[in-house]
Amino acid sequence: MSDAIQAVTMPKWGLAMDEGMVTVWLVEEGAPVAAGDELLEIETTKITNVFESPAAGTLSRRLVGEGETVPVGALLAVVAEDGAAEAEIDAFVESFRAEFAVAAEAAAESVAAEPESVEAGGLAINYLRAGTGEGVPIVLVHGFGGDLDNWLFNQPALAEHHDVVALDLPGHGRSAKDVGAGDLAFLSETLAEFLDALGIDRAHLVGHSLGGAAVLGLALDHPKRAASLTLISPAGLGPEINRSYISGFVGAARRKEMKGVLQMLFADPGLVSRDLVEDVLKYKRLDGVAGALETIARAVFPDGRQAVVLAERVGDLAVPVQVIWGRRDEIVPPAHAEALPPGVPVHMIETAGHMAHMEAAGEVNRLIAAMTG
Amino acid sequence: MAKKSYRQAINEALAQEMRRDPTVIVMGEDNAGGLGAPGEDDAWGGVLGVTKGLMPEFGRERVLDTPISESAFIGAAAGAAATGLRPVAELMFVDFMGVCFDQIFNQAGKFRYMFGGKAVTPLVVRTMYGAGFRAASQHSQCLYPIFTHVPGLKVVLPSSPYEAKGLLIQAIRDDDPVIFLEHKVLYDDEEEVPDEPYTIPFGEANLTREGEDVTIVAMGRMVKFANQVADGLETDGISCTVLDPRTTSPLDTDSILESVEETGRLVVVDEASPRCNMATDISALVAERAFGALKAPIRMVTPPHTPVPFAPELEDLYIPSPEKIGAAVREVMEHGA
Amino acid sequence: MLQLSRDDLVQAYIRMRTIREFEERVHTEFAGGAIPGFVHLYAGEEASAVGVCMNLEDKDYIASTHRGHGHCIAKGCDVEAMMKEIYGRRDGSCGGKGGSMHIADLSKGMMGANGIVGGGPPLVCGAALSAKTLKTGGVAVAFVGDGGSNQGTTLESYNLANVWNLPVVFVVEDNGYAESTASAWSVGGSQLKRAEAFGMPGREVDGHDFFAVYEAAKEAIDRARAGDGPSLLHVKLNRYYGHFEGDAMTYRADGEVEALRETVDSLAAFRTRVTETGLLEGRQLDDIDREVAASIGQAVTAAMSAKAPSEEDLLTDVYVSY
């Protein structure tokens, strides 16, 4: 396959995704595109998101119509360098489709990467490891009430060039529901023990929200474990936190209530689908989750304020640090970034809310990739 | 998380609750099986194997086989529930309620009210229901509307393995008498079911499909059919909401009304006999409280008012099918068009 | 005399006298139209309930019948609350929601009078199962009438109590009439042979003789408590009133009730026995009679002036959570 012709294929966003629907094309056939341009919108049962062009050139073929559903890996479009022959493009499409049919059959028989469990600090920690298995790993740490699936738009993309580990914090996802004191020190220490358990000496640490505070705490307590830090809408930089989100998330037991709470996370509340709400409810129904969330909320956000503010200590770190924030974040104020020591790059994403890594996945992925080399 | 069958999900719920709480016991005909007989112990584990393995783990003291004597043991379960245990009694087929109904609706179901709130009766009656097993008129009925009719009882109709586990654990932990109805045709259905214990609250309908044109309310096995229909119609541009009430008592009237307010069209699918069933009840609710939102008459898809027939050809005609549901949806869509 | 102390005897007499006085007053008040619904009176049968229940503790359970007032009092239910319940008052035993036929107090081991004939025996098997599983050492007693003895639930319970080896005692109170139909006609075979057929010891007892009932019940209850399984007592007795208040009792012989009151009065028999043997003095019993009469009078006064439940009470107590 020549690099002159690039396939745009249906991405796999999360373990449960096996197909996706093209809802709308954002670029006309024959139009020029740059790498990172938004090409189309894809809807899965869980979430709708835009998909970006992997390469620059011309969108020479749109192969799936709006409203059509195709399996993960299927050819959606072709981006060709200017001057690629039409016949060459047709041949590319034909051979891709032939190979895809064979590959799909093989994929149906093979087993995709599945989450595994490891014991860290006496707790069973669930994690998903994907990618090259080489180099300094990237470790992705979700926020309060989240889980490793929050990285569904990031882990697969980053895994193309890195060893990428996403985990469920204690009390979250499929990890143990015992959260000890539930404070930041507990979370950071569990992360350190998790890295030990996986034999990871150093990692590029990426943390979102509470996970941001946790990786920051880890890097401050164990400076040698961090190769770099990427903090997305992190907690730990200022005292404010949206207390109605925290109490709403802990308290909500019903679909409607939960949906309203989750919509606070996104600049575009339409992203909160039936399945997304259902997944959160399924998690919250597990024995032990209610207690775990209450314990963490009480320890980390007592009286609706953040208990630990580490902003000034970021300057103590010897490794590169970057901060990414959605300008429309309603959970942790973007203004907290102002408390950071000068020189720490802050990337403000205008269109995103608290979940920039979902709402502006392409840009966040590029920033993480730039940091991790 | 692994795929588990409806049967395994129920078995796992029972085992996990028995491990968690020593007051949980199970009882029923052949729940272990082989008692007093020369062959194997735990010979059956329930007539369809749902309770298999519980007796070897928890012993005969907590997994009680019973004589075929529903009045006595369902009543005993009610009495045990009022005096400190959390019994899960298995009424093998719901059709057998006729021989023990007094103990359910006059005793267990009324203790709390009759005794001025001074009784708790954490009883679960697990029972198998529904047509499609070629089991004829006395082993195929639904009958859940009858339980739903009785104040004091809670009535649960799990429609899938995930639902079955979470709703059964909720039922066991609930302090009121719960009738837990398992559709016999679903036992081998599989889906992802968490290994950990979890609970699904009663009284909140499950939104299994979200659409704009028609609300389909379905319960038990009919949820599966309704989902199939909704998926099929999607390609024809008809967008259906499917609501599974999960519990017919308490009934999530808010979700039903809100959905009909949005879609303006209602199809209710009910495998129970058509007079005084959930379809009539839900239709009456919507007619009374969301009449102004309706763009088309309500359609009820139910079996005919006959006993469940034996011959496969007849039984297949009897059961509400995806085709009949689909036709009803198209009909309400075409109304006035 | 047996293992009964003087205090026990006083207690037994107080309970029997309380039942008699309670029922006589309910009879009068009902006739006056003050009590709604219908009531089934236990007068004449006092020695049975008290003779059995003097062997029981709070952790032991009983289930009763339509004719439940006597069992409630014998098991220690609050008498004023009972009277208020019969009047349908808010602070009655059941908040006015149960009435005469559903008085219960689980904290006293009283699982309820029962509006369904034969409703109690399966429940008692359950209470016995709880006692056995939770190892409380408790036993459970099912009172049924001769009418209830013919229900399938009762016969199934005999079997279940046997195969599960439950600490149960079935007390068949045979007052000769199931409603208006004579037990001589309606009961096939015999109560004792039924017990035998289900593998239980059975004894026939004179239900007007407190001491006979007490002793027979003690044997059965001790056996149950020791883990040796169920037994049956066939208690023969008489009721002084009709099946329900207002029953003209046209099915009874002329003068039958008057003769019974003269010849078979368990309270009179008890008085004779304890005074003749010098265990208690007549004056002591007279004092009890006066005190009980006063307390029942007080209960009636309290019930008459107590508040009825209000509209919000209609909707509560259906479920623990809904």
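Computed from a predicted structure; not experimentally measured.

Draft legend 1. Local environment of the layout of surface pockets. Residues and elements named next belong to chain A. By volume, the second largest pocket is sized at about 1400 Å³. Every residue lining the second largest pocket is counted, 47 residues in all, and those nearest its centre are Phe-153, Pro-156, Ala-157, Leu-158 and Glu-160. Taken together, the elements giving at least two residues each to the lining of the second largest pocket come down to strand S1 (5–9), strand S5 (48–52), strand S10 (123–131), helix H2 (155–158), helix H9 (356–359) and helix H10 (361–372). If one sorts the elements of the lining of the second largest pocket by residue count, H10 sits on top with six residues. Class assignment for the residues of the lining of the second largest pocket results in 28 nonpolar, 11 polar and eight charged. Two domains each donate at least three residues to the lining of the second largest pocket, and these are domain 1 (5–109) and domain 2 (116–372).

Draft legend 2. Looking closely at the sheet that holds strand S7 (residues 178–183) of chain B. Residue and element names in this part refer to chain B. A sheet is described by the order of its strands in space; here seven strands give the open sequence S3-S2-S4-S5-S7-S6-S12, paired in mixed fashion. Both edges of this open sheet fall to strand S3 (63–65) and strand S12 (247–249), since each of them pairs with a single strand only. Here the average twist between neighbouring strands, direction ignored, is 20°. Where strand S2 (residues 24–28) lies against strand S4 (residues 86–93), five bridges are found, and the strand directions are parallel. From the neighbouring strand, Met-27 faces S4, where its bridge partner is Ala-89.

Draft legend 3. Structural context of the packing of helix H5 (residues 243–251) of chain A against helix H7 (residues 274–284) of chain A. Residues and elements named next belong to chain A. Across the interface, H5 lies against H7 with an axial gap of 10 Å and an inter-helix angle of 70°. By the angle between their directions, the pair H5 and H7 is classed as roughly perpendicular. Every residue of H7 that contacts H5 at Phe-249, Val-250 and Gly-251 is listed here: Val-280, Tyr-283 and Lys-284.

Draft legend 4. A look at the domain arrangement of chain B. Residues and elements named next belong to chain B. In terms of domains, chain B is made up of domain 1 (2–193) and domain 2 (206–334). Contact with domain 1, which involves 26 residues of that partner, is made by 27 residues of domain 2. Counting the surface lost from both domain 1 and domain 2, the interface buries some 2100 Å², and carbon and sulfur atoms represent 54% of this. There are four salt bridges connecting domain 1 and domain 2. Of the charged contacts in the structure, one is a salt bridge between Arg-246 and Glu-163, with a shortest N-O distance of 2.6 Å.

Draft legend 5. Seen up close, the sheet that holds strand S10 (residues 214–218) of chain B. All names here are of chain B. Read from one edge of the open sheet, five strands run S9-S11-S10-S13-S14, paired in mixed fashion. Each of the sheet's edge strands pairs with one partner strand only, and the pair in question is strand S9 (206–209) and strand S14 (299–301). Going across the sheet, the axis of each strand differs from the next one's by a mean of 25°, ignoring polarity. Alignment of S9 against strand S11 (residues 240–244), held across three bridges, turns out to be antiparallel. Within the sheet, the bridge partner assigned to Asn-206 lies in S11 and is Asp-244. Across the sheet, helix H10 (residues 278–289) lies against S10, strand S13 (266–269) and S14, angled at about 155° from S13, the strand it touches most. Sheet strands touched by helix H12 (residues 322–334): S10, S11, S13 and S14. Its angle to S14, the strand with the most contacts, is close to 175°.

Draft legend 6. Spotlight on the interface of chain A and chain B. Contact with chain A, which involves 13 residues of that partner, is made by 23 residues of chain B. On the surface where chain A and chain B come into contact, there are five salt bridges. Among the salt bridges present, the one from Glu-210 of chain B reaches Lys-259 of chain A, with a minimum N-O distance of 3.8 Å. For the interface between chain A and chain B, the tally reads 11 residue pairs in polar contact (both at pLDDT 80 or more). Among the elements of the structure, helix H6 (255–263) and H7 of chain A are those that each provide at least two residues to the side of chain A that touches chain B. Among the residues making up the side of chain A that touches chain B, the classes are represented as two nonpolar, no polar and 11 charged.

Draft legend 7. Unusual backbone geometry, seen in detail. A cis amide bond, omega 0°, links Ser-249 of chain B with the succeeding residue Pro-250 of chain B. Relative to the assigned elements, Pro-250 of chain B resides in the loop between S12 and helix H9 (253–263). Positioned with a positive phi, Ser-233 of chain A is a non-glycine residue whose angle comes to about 40°. Relative to the helices and strands, Ser-233 of chain A resides in the loop between strand S14 (226–232) and H5.

Draft legend 8. Region of interest: the pattern of salt bridges. Under the counting rule described, the total for this entry stands at 56 salt bridges over all chains. Here Glu-57 of chain C ties to Lys-59 of chain C by a salt bridge, and the two come within 3.9 Å at their closest N and O atoms. Overall, the relative accessible area of 42% leaves Glu-57 of chain C in the partly exposed class. Residue classification places Lys-59 of chain C among the partly exposed positions, given a relative accessible area of 35%. Ionic contacts of the salt-bridge type, sharing partners, join the residues Asp-287 of chain A together with Glu-17, Arg-20 and Arg-173 of chain B into one network.

Draft legend 9. Spotlight on the arrangement of the chains. Once contacts are tallied for each of the two pairs of chains in contact, the highest total is for chains B and C. Note that chain A does not reach chain C: the shortest distance linking a C-alpha of one to a C-alpha of the other is 15 Å.

Draft legend 10. Spotlight on the packing of aromatic side chains. According to the stated counting rule, one finds 24 aromatic pairs over all chains in the structure shown. Members of the aromatic cluster, joined through ring pairs, are Tyr-13, Phe-210, Phe-211, Tyr-214 and Phe-270 of chain C.

Draft legend 11. A look at empty space enclosed by the protein. Residues and elements named next belong to chain B. Overall, the coordinates contain two cavities of 30 Å³ or more when judged by the stated rule. In this structure, the largest cavity spans a volume of roughly 50 Å³. Looking at the lining of the largest cavity, the elements with two or more residues in it are S4 and strand S5 (124–129). At three residues, S5 tops the list of elements feeding residues into the lining of the largest cavity.

Draft legend 12. Representation of the interface of chain B and chain C. Taken together, the contact between chain B and chain C spans 47 residues of the former and 42 residues of the latter. Buried surface at the junction of chain B and chain C, summed over both partners, amounts to about 3400 Å²; 63% is from carbon and sulfur atoms. Among the residues chain B hides against chain C, the three largest losses belong to Thr-83, Tyr-113 and Phe-115 of chain B. Together they make up 20% of the total. Where chain B touches chain C, the interface holds one salt bridge. Glu-61 of chain B is paired through a salt bridge with Lys-135 of chain C; the nearest N and O atoms lie 3.6 Å apart. Counting across the chain B and chain C interface gives 21 residue pairs in polar contact (both at pLDDT 80 or more). Broken down by secondary-structure element, the contributors of at least two residues to the side of chain B that touches chain C are S2, S3, helix H3 (70–82), helix H4 (101–108) and helix H5 (111–114) of chain B. When residues of the side of chain B that touches chain C are assigned to their parent elements, the largest contribution, 10 residues, is made by H3 of chain B. In terms of residue class, the side of chain B that touches chain C is built from 22 nonpolar, 15 polar and 10 charged.

Calculation criteria
Residues numbered from 1 in each chain as written. Chains lettered and ligands numbered in written order. Predicted model: local features only at pLDDT ≥ 70, side-chain atom pairs only at ≥ 80, totals over all residues. Heavy atoms only, no water. 1 Å grid on protein atoms, 1.4 Å probe; cavity = no way out; pocket = protein on both sides within 12 Å on 5 of 7 lines; lining within 4 Å. Points joined across faces, edges and corners; volume = space filled by probe spheres on them. Helix = DSSP H or I, 4+ residues; strand = E, 2+ residues; numbered from the N terminus. Nonpolar A, V, L, I, M, F, W, Y, C, P; charged D, E, K, R; others polar. Domains from an automatic or database assignment. Pairing = 2+ DSSP bridges. Axes fitted to C-alpha atoms, helices over the stretch in contact; angles between N-to-C directions. Parallel < 35°, antiparallel > 145°, perpendicular 65-115°, else oblique. Contact = heavy atoms within 4.5 Å. Buried area = accessible area lost by both parts, 1.4 Å probe. Salt bridge = Lys/Arg side-chain N within 4 Å of Asp/Glu carboxyl O. Polar contact = N/O pair within 3.5 Å; in protein donor to acceptor, adjacent residues only side chain to side chain. Buried < 20%, exposed > 50% of the residue type's maximum accessible area, 1.4 Å probe, protein only. Phe/Tyr/Trp six-rings, centres within 6.5 Å; stacked < 30°, edge-to-face > 60°.

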